[in-house]
Amino acid sequence: MSDFGDLRISADLTLPAWEISEAFVRASGPGGQNVNKVSSAVQLTWQVSASSLPAGIKERFQKLYGSRITADGRLILEASEHRSQLLNRQAARARLAEMILKAAVPPKRCIKTKPTAGSVRRRIASKKKRGEVKALRGGV
């Protein structure tokens, strides 16, 4: 996959290429002397608030990854796990797509439930029984 146009997140979600900027920096780690010469690590930058994604997804993204977003609203992902610039670029884009996909799933609504009548009855009965046991411990 050497085509780095729009970032396809799912069948109905696509991030336009112009919203993502990539910078290549020198990476630490494996690579020997090559590490000092070649900029193989990728810094992917994405402006979350100015994105063309639906507002709900952006809100959930900011709530999920707020600690990773800078003060001016940018997300900076760095990928340097591979020795190849191409593989690091793919890894950074895949990680961003995964993060957006996670934010795209709306949270399940919590529905308050009441205890059943039987469970309430059993709870009260056990409390009464325990109270009677304690009452019997009284003075002789």
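Here the structure is shown first, and the text comes after it.
We now turn to the structure provided with this report. (Residues numbered from 1 in each chain as written. Predicted model: local features only at pLDDT ≥ 70, side-chain atom pairs only at ≥ 80, totals over all residues. Heavy atoms only, no water.)

Let's shift gears to the overall build of the chain. A count of helices and strands for the chain gives 3 helices and 5 strands. Ordered by position from N to C terminus, the α and β elements of the chain give β-β-β-β-α-β-α-α. Here the chain has a C-alpha radius of gyration of 27 Å; the compact-globule value for 140 residues is 14 Å, and the former is much larger. For the C-alpha atoms alone, the extent of the chain along its principal axes is close to 90 × 40 × 30 Å. Burial analysis of the chain (140 residues in total) assigns 28% to the buried set. Of the contacts made within the chain by residues no fewer than 6 positions apart, 58% connect residues no fewer than 24 positions apart. Counting every atom, the chain has about 10,000 Å² of accessible surface; 54% of that belongs to carbon and sulfur. Here the chain contributes 26 positively and 11 negatively charged side chains, and the mean placements of these two sets differ by 19 Å. (Helix = DSSP H or I, 4+ residues; strand = E, 2+ residues; numbered from the N terminus. Rg over C-alpha atoms; globule rule 2.2 N^0.38 Å. Buried < 20%, exposed > 50% of the residue type's maximum accessible area, 1.4 Å probe, protein only. Contact = heavy atoms within 4.5 Å. Areas by Shrake-Rupley, 256 points an atom, 1.4 Å probe, with all protein chains shown as cover. Lys, Arg positive; Asp, Glu negative; His and termini not counted. Charge placed at Lys NZ, Arg CZ, Asp CG, Glu CD.)

The strand order across the open sheet formed by 3 strands is β3-β4-β5, and the pairing between neighbours is antiparallel. Two strands in the sheet have a free side with no partner beyond their single neighbour: β3 (20-25) and β5 (74-79). Going across the sheet, the axis of each strand differs from the next one's by a mean of 20°, ignoring polarity. Both β3 and strand β4 (residues 41-47) contribute to a ladder of 6 bridges, which runs antiparallel. Note that in β4 the partner of Phe24 across the bridge is Val42. (Pairing = 2+ DSSP bridges. Axes fitted to C-alpha atoms, helices over the stretch in contact; angles between N-to-C directions.)

Examined against the element boundaries, Met99 turns out to sit in helix α2 (residues 85-104). Discounting residues that sit within four places of it in the chain, Met99 has contacts with Phe61, Tyr65, Arg68, Leu75 and Leu77.

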